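A look at the structure
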Amino acid sequence: MNFRLIALIIITGCFFLATNSAAEVTQYYFKFQVSSKDQVNKLTNIISIDNVDGLTVYAYANGEEFENFKALGYAYEILPSPGTLIIPDMAQPGEIITDWDTYPTYSGYVAMMNQFAVTYPDLCRIVNIGSSVNGHALLFAKISDSVNTLEDEPEVMYSSTMHGDETTGYVLMLRLIDYLLSNYSTDPQVANLVNGLEIWINPLANPDGSYYGGDNTIYGAIRYNANGADLNRNFPDPAEGDHPDGRAWQPETIAMMNFFDAHNFVISANFHGGAEVVNYPWDTWVRRHADDSWFIDISRAYAESCQAHSPSGYMTDLNDGITNGYDWYRVSGGRQDYIIYFEGGREVTIEISQTKLLPAGQLPAFWNYNRISFLNFLENALYGVRGLVTDATSGLPLAAQVDVHNHDIDSADVHTDPDVGDYHRMIDAGTYTFEFSSLGYVAQTVSGVNVVDRNTTLLNIQLQPLSSDPMISFYSHDAGAVDPGDAVSMHITLENDGGGVANGVTGVLSSDDPYVNITGNSSAYPSIPALGGRGASISQYAFAVLPSCPILHDITFRLDINASGGYVDTAFFTITVGQQIEDFESGNFASYPWLMGGNANWIITSTAPYEGIYSAVSGDISNNQSSQLSVQVDVAASGAISFYRKVSSEDNYDYLRFFIDNVLQDQWSGEMSWAEATFNVSAGTHTFKWGYYKDGSVSEGSDCGWIDFIVFPPLGQALQITTLTLPNWTVGIPYSIQLQASGGIGERTWSDVDNGLSGTGLGLSSAGLVSGAPGAVGSISFTALVQDEIGGSAQRPFVFAINSQPQVSTTSLPSGNVGIPYSCQLQSTGGTGNIIWSDRDGDLAGSGLVLSQAGLLSGTPLISGELGFTAVVIDSVGATGQRDLLLSIASPGTYVPGDVNNSGQTNGVDVTFFVTYLKGGETPPFTIDCPPHGVIYAAGDVNGSCSANGVDVTYMVAFFKGLQTTLVPCADCPPGPAATSELPHEVDFMRK
C-alpha cells in the first residue's frame, strides 16, 4: 500500500518565475518508491519520469501533473531542483567562450553560432528553424565541405538540452562545432566526416528552459519549456498517437518536426543528462527494433570509447553504459521513437553526465571523455548500403522507399532524399534482399546484397516509370480454411499497380492440380483505380477439393485476366489444403487441447468476430488479475503462427499478451481493431499462450482481448533420422542399406548434403537408399539430409569402414598321425563381421578330420599319407577367400597287447602298449619318465651328432587300458610282466 508523506518539505527553488517568460512555470522534482515496474509504466503519462533506480523513481511534474500524482496516494520526497544546486560560472553577456570552462549567456550563444559561419563560410551555415515560446531562436549549425550545395551524402544530426536543466551537452555541442571547423584542414578523420557527411548540430533545443532564470544565467534552469511542457514527451508516438502527453504540440516541437520533414537524417543522437548511458529504441514498445543488434553494437562502441578515455566508472550505468529504453522505463512521446518510426531515421538518446547542471570547470574533462565517441558515432552513417534511386528514363532523383525483405518491421524501412535521390541503409553484416519502390514506378528487387561491417556497399537503382495502362495482379482471396473434401466458394481481390484505371475487368479461374475441380470459374470486377487500387470479384468463384488430397498440399490456381483496351494478363496464387486452423467455428474449445489459466476462463463469443460466426474473448477479471488461454502442440517443421487479435482496454496499462514457451512475443493495449500478428516458430514442442492482464486500477473500453483465425505452423512430430549407424562392409561387395526417418509431413527426399560419398563407389538416392559397391579400403563419412514436403529437415552424420577381402592366412599344417587326436586352428585376415570356414570340395570326408565353421581342423586321422583340401572363408557380407592346404598323416605304430590277468583276451585292466617312432625334431629331443602321463619319448641319436634331430629317431611309447585308446597315468598300470612284440628298432622302452 502507498502512503502519503506526512510532512512535506518545501525546498527553496522548487519553482521559479522567469523575468522574460510569458507565464510562471511551477516545477517539482521528487522521488518515491514503487512496488513494480508496471506502476512506472502507468505513471509515465502522468508525470515526467527522469530516472528509475531499482524501485526508486525520480520524476518531475508541473503544477497540474503534481496534483494528479498526489491523488494516487504515493509517499514522496521533494528534492532540490537540479538547476539550483550550483551557481554556474557564466561568461559575460554577448561573450564568445574560448576556454570552454564557462557557460555562455544566451546572447553569447547566438554570437558564437553566427561567428562560426563568419569564420568558416565555406564549411558552416547557421539555420534558425523556428522560435521557442519566449522567442528564443532554435539554431542549427550545418557543416559540410560544400555547405550550400545538396550532395549525395548522408545527413546526420546531433541535438542537446531539450530538457533545459541538462546542460553538459549544450557546451560540448558548441565545442564540437568549433572542433570540426578548426581541425578540418589538419585532422584526417574530421576531414573525412566533413567531406562525406552533411552534419547538423543543435546545441540548445530548449532555450526557454535553460535560461528560465534570465538570458544571462542558466542558474534556475528547468526541465520544461516556458509552457510547462516536457518537450521529450510532446512528439507523436508510435504506440499512443499524436498527443500522448495530452498537450498540444509546442512551438519547439512543431519547429523540430517541420525541420525533420524537410531533411532525411540517417543517424542522430539526442544528448541529455542525469545518467551516463546510451539509450537505444524502442522507448514506447517492449518489442525490439528490426535493427536491434545494430543499435546495440553502435551504443556499445560509444560507451566503450568513453570508458577508454575517462576515469574508471564513467559511462557505466545500467548495462555497462547502454540500455534498451523500454527496459529502463517507458517513455511515450519521445523524440527518439518519433524520428525512427515517423521519419525513417536511426536515433539514440545519450545521457552524458549524471550531474544535470555540471560545474563549468568540469566541462573540459567531459569533452575529453566524449570527443572520440562524438566523431566515431557519426562515421556509422558512412557504412552499410547506399546509392542513388533515379528515373530510368530521365535520370532524375526519385522519392523512393527502400525495404529489406524478411527484416524490416515497425517502419524500419528507409527513404531516399527526394532532392538528390540518395539513400543510406545502415545494417548488420550479412546478405540481404532489397526492394526499391516509388509511386508511379515498377518496383525493383535486388537479392544477394552483401554487407560487411564498417564497409560500404554501393547499389544504384534505376526505376522504370509505369505506363498509362493498368497492371493487374492477384491480391487476396477469402476462401478461409480449406480441407480435403471441401466445396469452397470465394471472392478474389485484384490490385492495379499500373498508371491507368482498369475497366471492364473479368477473370477466369483454372488449375492443373489433380486434387481440385473448378465448379465456378468466372467473375466480373468493378473498375479498379490506378496506382494500387483494389477490387473484389462481383460474384464468387467455386471449387471442390478431392478427399484424397494430401494434408498441407499447395494447390496452384491460374487466373486469366482481361480488361478494356485489350489488356490481358495472368496471375497465379496458391491455397494450402489442410492447414491447422483454429477459428472457433465449432463453438467450443474442443478442436485442440486448450488449457485455461489465470483468474477467469476465456469464452467463445459471436460478437463481431474477425471471420465466420465465432471468436474467443478473455474472461471477466478484476484489477491485478489475468485470463489466460494456452495450447501445447508438436510443430513438425519451422514455420509461423499467425492470428488476428483485437483489444479494448486502458491504454498502456491493461494488455492482451502473446507468449511462446512463456516468453513474451508482443502485447497490445488501448483500442485496437482486428489486425494480424505473425511469429516465427521452430520445430519441436511449443506452448502458445494468450492472456489478458490488468494492472492495479482503472478499467476502460470493453476491458478484454479477442483472438480469431489462428493458423498454426505445420503440426506433427518433427522430422528426424532414426537410422543411427551404418554397417561396415567389404570392398567390392554390393552395398544396399535403406535409411529410415520418422515424423515430418508428406513425402521425404534424401540427399548427401556434403557429397561425402562422391568417389567411394556408393551413392544416396532421393528415396534414402545407400547403395553401390565400395571401391577402396578405408573409412567413409558423409552427412545424410532428409526433407519433407513442407520444408522440414533433419540430418545425421555417418561413418563406417570398408574392409579388405577376407583371405586364408594359414599356409601350412602340422603333420598328424593315424589314430592320434589332431587339432589345428586355421587363421584368416580381412573381411567384415563373422568369418565362416568350410571345406570347399568335401575333401576331408572319411579322413577322420573335419573343419568347423570357426576354422578349427580337428579329429583323429583314420588314414595315412598326404591329405589335401581347399579351405574357404566367407565374411558376413558374402565376400570369400580360399587356400589349398596339405596335411601329412603318418602311418600307425605297433599296438602290443598284454593279457596281464590271463583271461584269454586283452581288455579290462589289461594294458596295451602303443609304440611308434618319429623323425627327430618332431617331438621334444629329450626323454621323460612315464609318470604321470603314461608316455615315454626316447630319443635316439642315430647319426652321432650329439642331438636328436634330422634323421634321428624318437620312439614314443604309450600305455592304454585294454583296447581303449584313452591315455592313463602310469600309476594305473597293472603289475606283472609286460608282453613283448617285435619293434621297428630294438629298444628298452622302460629305460630312462
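About the thresholds
Residues numbered from 1 in each chain as written. Predicted model: local features only at pLDDT ≥ 70, side-chain atom pairs only at ≥ 80, totals over all residues. Heavy atoms only, no water. Helix = DSSP H or I, 4+ residues; strand = E, 2+ residues; numbered from the N terminus. Buried < 20%, exposed > 50% of the residue type's maximum accessible area, 1.4 Å probe, protein only. Contact = heavy atoms within 4.5 Å. Areas by Shrake-Rupley, 256 points an atom, 1.4 Å probe, with all protein chains shown as cover. Core = buried A, V, L, I, M, F, W, Y, C linked by side-chain atoms within 4.5 Å. Pairing = 2+ DSSP bridges. Axes fitted to C-alpha atoms, helices over the stretch in contact; angles between N-to-C directions. Parallel < 35°, antiparallel > 145°, perpendicular 65-115°, else oblique. Left-handed = near helix turned anticlockwise from the far one by under 90°. Nonpolar A, V, L, I, M, F, W, Y, C, P; charged D, E, K, R; others polar. Expected span 1.5 Å × (residues − 1). Phe/Tyr/Trp six-rings, centres within 6.5 Å; stacked < 30°, edge-to-face > 60°. 1 Å grid on protein atoms, 1.4 Å probe; cavity = no way out; pocket = protein on both sides within 12 Å on 5 of 7 lines; lining within 4 Å. Points joined across faces, edges and corners; volume = space filled by probe spheres on them. Salt bridge = Lys/Arg side-chain N within 4 Å of Asp/Glu carboxyl O.

Focus on the overall build of the chain
When helices and strands are counted, the chain shows twelve helices and 63 strands. Of all 992 residues assigned to the chain, the portion counted as buried reaches 51%. Sequence-distant contacts in the chain: of pairs separated by 6 or more residues, those separated by 24 or more amount to 68%. Here the chain has roughly 41,600 Å² of accessible surface; of this, 50% comes from carbon and sulfur atoms.

Here we look at the nonpolar core
Core analysis: the biggest nonpolar cluster contains 73 residues, and Tyr158, Tyr302 and Phe374 have the highest contact counts within it. Ranked by residue count, the leading element in this core is helix H4 (residues 168–182), at ten residues. Contact partners of Tyr158, with chain neighbours within four places excluded, come to Phe140, Met173, Leu176, Trp200, Ile201, Asn202, Ala269, Phe271, Ser373, Phe374, Phe377 and Leu378. Tyr592, Val635, Val647 and Phe712 belong to the second-largest nonpolar core, a separate cluster that totals 29 residues.

Things to note about the pairing of strand S22 (residues 487–490)
Side chains Val488 and Met490 of S22 all project onto a buried face; the interleaved residues Ala487 and Ser489 project onto a face where none is buried. Where S22 meets strand S28 (residues 541–545), four bridges bridge the pair, whose relative direction is antiparallel. When the bridges of S28 are listed, Met490 appears paired with Tyr541.

A few points about the packing of helix H3 (residues 106–119) against H4
At a minimum axis distance of 11 Å, the contact between H3 and H4 shows a crossing angle of 20°. Here H3 lies roughly parallel to H4, going by the angle between them. H3 and H4 meet at a crossing whose hand is left-handed. Here H3 contributes Tyr109, Met112, Met113 and Phe116 to the contact with H4, which in turn contributes Tyr170, Leu174, Ile177, Asp178 and Leu181. For the contact of H3 with H4, the per-class residue count stands at eight nonpolar, no polar and one charged.

Notes on the environment of Phe474
Looking at where Phe474 falls in the secondary structure, it is placed in strand S21 (residues 472–477). For the pair Phe474 and Ile561, spaced 87 residues apart in the sequence, the C-alpha separation amounts to 9.7 Å. Sequence-distant contacts of Phe474, that is, excluding residues within four places in its chain, are made with Ile492, Thr493, Leu494, Ala571 and Phe573.

Looking at helix H12 (residues 363–379)
Here H12 contains 17 residues, and its C-alpha end-to-end distance of 24 Å stays within 8% of the 24 Å for a straight helix at 1.5 Å per residue. Counting buried positions along H12 yields twelve of 17 residues, so the element is predominantly enclosed. Where H12 is concerned, the buried positions are Leu363, Phe366, Trp367, Tyr369, Asn370, Ile372, Ser373, Phe374, Leu375, Phe377, Leu378 and Glu379.

Remarks on the packing of aromatic side chains
With the rule as written, the count across this model stands at 66 aromatic pairs. Between Tyr302 and Phe377 the ring centres are 6.3 Å apart and the planes differ by 80°, which places this aromatic pair in the edge-to-face class. On the criterion of sequence distance, the pair formed by Tyr302 in helix H8 (residues 292–308) and Phe377 in helix H12 is long-range, its members being 75 residues apart. The same class applies to Tyr302 as to Phe377, namely buried.

Structural notes on the environment of Ser467
If you trace the backbone, Ser467 turns up in the loop between strand S20 (461–463) and S21. The sequence separation of Ser467 and Gly440 amounts to 27 residues, and the corresponding C-alpha distance is 8.4 Å. The contact partners of Ser467, leaving out residues within four places of it in the chain, are Gly498, Gly499 and Gly500.

Digging into empty space enclosed by the protein
Evaluated as defined, the whole model comprises three cavities of 30 Å³ or more. The volume enclosed by the largest cavity comes to roughly 170 Å³. In terms of lining, the largest cavity is formed by 17 residues, of which the most central are Asn232, Tyr329, Val331, Thr349 and Glu351. Residue assignment for the lining of the largest cavity shows that the elements contributing at least two residues are strand S2 (48–53), helix H10 (325–328) and strand S12 (347–353). By residue class, the composition of the lining of the largest cavity is four nonpolar, seven polar and six charged.

Points about the packing of helix H7 (residues 251–261) against helix H11 (residues 335–343)
Relative orientation of the contacting elements H7 and H11 amounts to 35°, with a least axis distance of 11 Å. In terms of crossing hand, the pair formed by H7 and H11 is right-handed. Contacts between H7 and H11 pair Met256, Met257, Phe260 and Asp261 from the former with Arg335, Tyr338, Ile339 and Glu343 from the latter.

With respect to the pairing of strand S35 (residues 626–635)
With eight of ten residues buried, S35 is to be regarded as a mostly interior element. Of the strand pairs in this sheet, strand S32 (residues 594–598) and S35 are connected by five bridges, and their pairing is antiparallel. Residue pairing for S35: Met596 is matched across the bridge by Leu629. Summarising the sheet, S35 and strand S40 (residues 684–693) pair through ten bridges and their orientation is antiparallel. Across the sheet, residue Val631 finds its bridge partner in S40, namely Phe688.

Some points on the pattern of salt bridges
Considering all chains together, one arrives at 25 salt bridges under this definition. The partner of Arg223 in a salt bridge is Glu166, with the nearest N and O atoms 3.5 Å apart. Note that Arg223 is positioned in the loop between helix H6 (207–210) and H7 and Glu166 in the loop between strand S7 (155–160) and H4, a separation of 57 residues in sequence. On the accessibility criterion, Arg223 (1% relative accessible area) is buried. In this structure, Asp410 engages Arg287 in a salt bridge whose closest nitrogen and oxygen atoms are separated by 2.8 Å. Note that Asp410 is positioned in the loop between strand S14 (401–404) and strand S15 (414–415) and Arg287 in the loop between strand S10 (275–280) and H8, a separation of 123 residues in sequence. Salt bridges sharing partners connect three or more residues here, namely Asp50, Glu166, Arg223, Asp230, Arg233 and Lys356.

As for the sheet that holds strand S53 (residues 822–825)
Strand order in the open sheet made by the three strands is S53-S57-S56, with antiparallel pairing throughout. Each edge of the open sheet is held by one strand with a lone partner, namely S53 and strand S56 (849–851). Shown here is a sheet whose adjacent strand axes are inclined to one another by a mean of 10°, direction ignored. As paired elements, S53 and strand S57 (residues 856–859) share four bridges and run antiparallel to each other. The partner of Tyr822 across the bridge, within S57, is Gly859.

Considering the environment of Asp89
Counting through the fold element by element, Asp89 comes out in the loop between strand S4 (76–78) and H3. C-alpha of Asp89 to C-alpha of Pro359: the two residues are 270 residues apart in sequence and 7.5 Å apart in space. Leave out the neighbours within four places in its chain, and Asp89 touches Asp101, Thr102, Tyr103 and Ala360.

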